Protein chains: 2
Amino acid sequence: MKKQHIINKLFALVVLAGVVTSCGSSENSKGALGSDVASQAYVTPGEHDDFYAFMSGGFSGQISVYGLPSGRLFRVIPVFSQDPEKGYGYNEETKPMLETSFGFVPWDDAHHPELSQTNGVPDGRWIFINGNNTPRIARIDLKTFETAEIIEIPNSGGNHSSPFTTENSEYIVAGTRFSVPFPQKDVAIDTYKENFKGTLSFISVAEDGDMDVAFQVLLPGYDYDLAHAGKGKSHGWMFFTSYNTEEEHTLLEVNASQRDKDYIAAINWKKAEEYMAQGKFKEMPASYVDNHYDESKQMAFSETRNTVKVLIPSECPGLVYFLPTPKSPHGVDVDPTGEFIVGNGKLSSDMSIHSFDKMIKAIEGEKFETTIDGIPILQYEEVLSGIVAQPGLGPLHTEFDGKGNAYTSFFISSEIVKWNLETKEVLDRVPAYYSIGHLMIPGGDSKKPWGKYVVALNKITKDRFLPTGPELTQSAQLYDISGEKMKLILDFPTIGEPHYAQGIAAELIAPNSLKYYKLEDNNHPHAMKSPNDSRIVRDGNVVRVYMGAIRSHFTVDNLEGIKVGDKVYFHVTNLEQDWDVPHGFSVMGANNAELLIMPGQTETLLWEPQREGVYPFYCTDFCSALHQEMQGYARVSAKGATTELKWSLDE
Amino acid sequence: MKKQHIINKLFALVVLAGVVTSCGSSENSKGALGSDVASQAYVTPGEHDDFYAFMSGGFSGQISVYGLPSGRLFRVIPVFSQDPEKGYGYNEETKPMLETSFGFVPWDDAHHPELSQTNGVPDGRWIFINGNNTPRIARIDLKTFETAEIIEIPNSGGNHSSPFTTENSEYIVAGTRFSVPFPQKDVAIDTYKENFKGTLSFISVAEDGDMDVAFQVLLPGYDYDLAHAGKGKSHGWMFFTSYNTEEEHTLLEVNASQRDKDYIAAINWKKAEEYMAQGKFKEMPASYVDNHYDESKQMAFSETRNTVKVLIPSECPGLVYFLPTPKSPHGVDVDPTGEFIVGNGKLSSDMSIHSFDKMIKAIEGEKFETTIDGIPILQYEEVLSGIVAQPGLGPLHTEFDGKGNAYTSFFISSEIVKWNLETKEVLDRVPAYYSIGHLMIPGGDSKKPWGKYVVALNKITKDRFLPTGPELTQSAQLYDISGEKMKLILDFPTIGEPHYAQGIAAELIAPNSLKYYKLEDNNHPHAMKSPNDSRIVRDGNVVRVYMGAIRSHFTVDNLEGIKVGDKVYFHVTNLEQDWDVPHGFSVMGANNAELLIMPGQTETLLWEPQREGVYPFYCTDFCSALHQEMQGYARVSAKGATTELKWSLDE
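Here's what I pulled together on the structure shown here. For clarity, every value in this text was computed on a predicted model and none was experimentally measured.

### Regarding the overall build of chain A
(1) Moving on: In terms of helices and strands, chain A carries seven helices and 45 strands.
(2) Moving on: In terms of overall size, chain A behaves like a compact globule, its C-alpha atoms giving a radius of gyration of 27 Å where 651 residues would be expected to give roughly 26 Å.
(3) Moving on: In terms of its C-alpha atoms, chain A occupies a principal-axis envelope of roughly 85 × 65 × 45 Å.
(4) Moving on: Long-range contacts, defined as pairs at least 24 residues apart, comprise 62% of the intrachain contacts of chain A with a sequence gap of at least 6.

And the structure:
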């Protein structure tokens, strides 16, 4: 054990050295490309990109939307974090979206955007993404590019292997990265092996998108890393990678890198549905929230749920099998045919590719090594399709072009390697600058990849762009894969960490994109339908200001009778009914900042004025030639003052 | 008056119609450009852009940093708003930066980035930007690209005409957009003409960058919009535009568009210095904050100031003059020679260009129309250099190429017009898609513009990019101006509103960019210098965890003895001393989110655990091949529990 410890320590050093070496190689790229590729990444002004790329913000907790091939950033969609570019998490309407069982969490870490699918192909309805730290899944509506729902995952600790989808988005999954006491309780950390368990959760997605925790499967206390659904013939199965099958709880860098093989867990979710129907679940207490944004009422609501249904593998034969896979596998990626299950063993020198057909045969033939907690471990040789021998160092993730090729990212050797799925032969390799994590081919984890491009999502930036002090942008690179050899065509910076991404043809989303909200459908309880509804209502120390915004004035622009100690709710309705005419609202000294209101929408700013005086407010979103004139004043009197409540416009 | 009201209303409609028409013309651009221009905007992977462009985030309150000509976003610098991509405004170290006299304001609206200058040329030391809503100015250090100081401006209401600089950044200025009661008090809004005043503030900038409110000049209750300093022969003067010289307080869209001419206020700040030296100021009580980020201690401190010095023009002859300028002028722009003072009268059909020489002559000859509050109004004809006749509709802002040409943005006719400063002749015009606000030429408001490009900072986006629901990205366009005719080469989206921008040659900033913080210079009171300093200290219910982060573990990764009700401060030091190796830190359920820590830096997360259990924490910034193993557990016991305080790594 002591010796192994040292070996692993050395390995870690080699790993680091690998990174450092790769970082020194930037000179190679300089001037390597001529202007002949410029036009491949260029989109003529007035024309549009071919693909949307949805990238996770990683530690920023958001999703960013890029065009390909231009690499231009079109929107940061606020999801798990407050966003002062939009008002999300600051206005009264969206605050409930960030509620959790721990209270308001203003910021989380989001890793894997996943487009909804129909028949195994991205359909452009929704995109899902996982919240890592306080385990959650969000669903974003791609008509509005707004977060529509966030559901918390109970019995989880780091929702990393999430939210991968089944062929028709019957389920998206959530596997815990960190095992935790099950159920959560105050126990000594060194009782890990005894008390800590992992759960793999299946979240059902209804026709209208509504998410629910359908069931959880209780597994040993490993770390569950990534997942992918079967497709075609393997539809009905979900595959999860695990590491730390050593079940260690400290210095995992060394201690969780002991074993030669960890497992891919194969879950037969069709079988799980049978067990659920038979009532073979355990209903357990759990506290978690489900937050919905109601588009009609234009506000979010947070609800608490109190139980969760858990399936125990030892009581549900045929539900789970383990496929031994070298070594601390990161991604598990299923090819478009559903036959090949690619294990990306990040500390392995080879890549192990499993065969779905062989797996079924091995299950039928009961080719088990042994059993853990009632889960059969299939014999490695019996499920293996073949090996990609020494393709590179530190494989992390594989996607597919739909023409029989796989593209794998290698973090340590910092490259993308193209190889043939049938022959396992390496066909091409290109360097990535620097230290690629995931990669993305549009539709590259679906049954019908669009192919054409692969995007390297890199972890280290260093000298790729003009420097910006100690904190640098994150970085992506775009390669053309339409030919036999991959060709680098663009470096582009990304906001947040481009941890993972998904791409989809623009025509599946652009035509359905909503231009503005219809005022007639605005059922916000404090909405205005016309300027005539302008008014101010006092109820005790709560003052509600019903205010319209229309080029180029607020429908109440002078107001008096507010007092120190009041809670003033500005309910501002943008009365415009035209494309791209937002208005903003801001009042001096507000501790709750600003509003940014789209046409037809109502938003609410809470102002608690602190001092007597006359305070200006104004439109913060340049709306018209007379935007600069779009202002007003709010008079604040002392707590006991008798100033009459009044409001006016041009009187 | 009634008739004028109707005329103005009609004008407003025409203005809006103009916008709408312009929005319909997108087809013109489609396919108009071939791939020959692609290479002009393309930066080969591994090579660098030529210019930094610093763009305001507008309503987002931040600054975004782009490269030109590629239009790529390299960094959002958090300034007046919290930023979940960085931790600014969430971690304990930076929260004080967002303190104001109204308390913590998490979000403001920032308009005009302004580079520091030496001898009238941007020098790359700092960039300043104004906070509009809660009036403030920020200074960003361009070694680190971090906000170094934010100072609040007293007696102001909407700090819009700010923070324009003098030739050597002796001062940057802050003119109030909204006049407010002076001093602030509870008065009826319709006493506007009697009680409301405007202030123009001069903020001194010390050799080390430290800002102070040196003095304010008290002016009539107009709206002060933009400003620019004199240069060369006009060095020593500062020019501010005003509108609403009608002194109206409601429906300004109509009521502040009555008069044919408003004023440019010319302030002789050298003269102001004489008056200050003579003690001719009024010291007034005022409450405002000055927040510094201490780079050595790696944390921000907020201090309150209590007085401000005010100069009254009627008591200071020669301090202020008004130059009549048609009509509601937006920008006031001084050409590189210092002779031409361009008034961009946004509701005027012509542009009035004033002459500095004529202004001085008119002052000497006392060519005054009349006097307001002791301020002489110079005769329009006596200061006018000439008129640019009917150049377009809705001029907003002008910059210069250093070759005798001016470039003016026209919002309503949505175009950039190039004209000759001497002859006032229009030389070229190009459309902007859509409704351009400000424009920017690198160095274009300085004595030595780099020229080469002009960037259109547009207010309406509509169909320029792939749609993203009702909320669209903002938009900029890049034109080559190296030839006689302007040429559109790139459309690029921007984050936040690109309200105004400044550009500077990359070589003035890139070589000075700090790569990481030196651990030995880290004087944070809770810093660690080596892993050996790891420890946990309890003092009552305050628990301080001194934790290092180094590839690929935390130097304390198992901790016990924390109790519900504790205030746990995680002081995490990134022990790396290499370029681009950040670490993150996040603990499950924390209401204060995450940390993102640059090499050599210490940051603090406050965690108030709510429930018993064992909670994972992990690194949120992908740092190494074994990043996924960089995790630990914190055990939380009940309030009265006797669990011993202990911590460990690999024990």
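### Digging into the sheet that holds strand S1 (residues 51-56) of chain A
Residue and element names in this part refer to chain A.
(1) Moving on: Spatially, the four strands line up as an open sheet ordered S3-S2-S1-S34, and their pairing is antiparallel. The open sheet has two edge strands, strand S3 (72-77) and strand S34 (501-505), and neither has a second partner. Along the sheet, successive strands turn relative to each other by an average axial angle of 25 degrees, direction set aside.
(2) Moving on: Sheet topology places S1 next to strand S2 (residues 63-68); six bridges connect them, and they run antiparallel. Residue Ser-56 lies in a different strand from S2, and its bridge partner there is Ile-63.

### Describing the pattern of salt bridges
(1) Moving on: The tally for this structure, following the rule as stated, stands at 58 salt bridges over all chains.
(2) Moving on: Across the pair Asp186(A) and Arg635(B) runs a salt bridge, and its minimum N-O distance is 2.5 Å. Taken together, the positions of Asp186(A) in the loop between strand S11 (180-181) and helix H3 (192-195) and Arg635(B) in strand S44 (residues 631-637) put the pair across two chains.
(3) Moving on: By relative accessible area, Arg635(B) is classed as buried at 12%.

### Here we look at the packing of aromatic side chains
Two measures describe an aromatic ring pair: the distance that separates the ring centres and the angle between the ring planes.
(1) Moving on: For the coordinates displayed, the defined rule picks out 68 aromatic pairs over all chains.
(2) Moving on: Seen from their ring centres, Tyr222(A) and Tyr263(A) are 6.0 Å apart, and the 40 degrees between their planes marks the pair as tilted. Taken together, the residues span a long stretch of sequence, with Tyr222(A) in the loop between strand S13 (211-219) and strand S14 (223-229) and Tyr263(A) in strand S16 (residues 262-268) at a distance of 41 residues. Side by side, Tyr222(A) and Tyr263(A) carry an identical accessibility label, which is buried.
(3) Moving on: Taking the centre distance of 6.2 Å and the plane angle of 40 degrees together, the rings of Trp237(B) and Tyr321(B) count as tilted. Note that Trp237(B) is positioned in strand S15 (residues 237-243) and Tyr321(B) in strand S19 (residues 320-325), a separation of 84 residues in sequence.

### Some thoughts on the nonpolar core
(1) Moving on: The biggest cluster of nonpolar side chains holds 48 residues, and the ones touching the most others in it are Val455(A), Phe492(A), Val455(B) and Phe492(B).
(2) Moving on: Those residues in contact with Val455(A), other than ones at most four positions away along the chain, are Met55(A), Leu68(A), His438(A), Leu439(A), Met440(A), Ala476(A), Gln477(A), Leu478(A) and Phe492(A).
(3) Moving on: Counting 30 residues, the second-largest nonpolar core is a separate cluster that includes Phe164(B), Val217(B), Tyr222(B) and Met238(B).

### Thoughts on unusual backbone geometry
(1) Moving on: Here the residue pair Phe182(A) and Pro183(A) is connected by a cis peptide bond, since its omega of -10 degrees sits within 30 degrees of zero.
(2) Moving on: Among the structural elements, Pro183(A) can be located in the loop between S11 and H3.
(3) Moving on: Put simply, Arg551(A) and Ser552(A) share a cis peptide bond, and its omega is 0 degrees.
(4) Moving on: Tracing the backbone through its elements, the reader meets Ser552(A) in the loop between strand S36 (542-550) and strand S37 (553-554).
(5) Moving on: Its identity is not glycine, yet Asn244(B) carries a phi of approximately 50 degrees, on the positive side.
(6) Moving on: Tracing the sequence through the fold places Asn244(B) in the loop between S15 and helix H4 (252-255).

### Looking at the environment of Thr461(B)
(1) Moving on: Mapped onto the fold, Thr461(B) is located in the loop between strand S31 (453-458) and strand S32 (474-480).
(2) Moving on: Between the C-alpha atoms of Thr461(B) and Gln474(B), which are 13 residues apart in sequence, the distance is 6.0 Å.
(3) Moving on: Every residue in contact with Thr461(B), bar those within four places of it in the chain, is listed here: Asp580(A), Tyr434(B), Leu472(B), Thr473(B), Gln474(B) and Ser475(B).

### Notes on the relation of the copies chain B and chain A
(1) Moving on: Expressed as a screw transformation, the operator carrying chain B onto chain A has a rotation angle of 180 degrees and an axial translation of 0.0 Å, and the superposed copies differ by an RMSD of 0.0 Å. On this basis, the relationship between the two copies can be described by a two-fold rotation axis. Among all C-alpha atoms of chain B, that of Ala38(B) lies closest to the rotation axis, at 2.9 Å.
(2) Moving on: The fraction of interface residues of chain B whose copies in chain A are also interface residues reaches 99%, indicating that both copies meet through the same surface.

Rules of the game
- Residues numbered from 1 in each chain as written.
- Chains lettered and ligands numbered in written order.
- Predicted model: local features only at pLDDT ≥ 70, side-chain atom pairs only at ≥ 80, totals over all residues.
- Heavy atoms only, no water.
- Helix = DSSP H or I, 4+ residues; strand = E, 2+ residues; numbered from the N terminus.
- Rg over C-alpha atoms; globule rule 2.2 N^0.38 Å.
- Contact = heavy atoms within 4.5 Å.
- Pairing = 2+ DSSP bridges.
- Axes fitted to C-alpha atoms, helices over the stretch in contact; angles between N-to-C directions.
- Salt bridge = Lys/Arg side-chain N within 4 Å of Asp/Glu carboxyl O.
- Buried < 20%, exposed > 50% of the residue type's maximum accessible area, 1.4 Å probe, protein only.
- Phe/Tyr/Trp six-rings, centres within 6.5 Å; stacked < 30°, edge-to-face > 60°.
- Core = buried A, V, L, I, M, F, W, Y, C linked by side-chain atoms within 4.5 Å.
- Least-squares fit on C-alpha atoms with pLDDT ≥ 70 in both.

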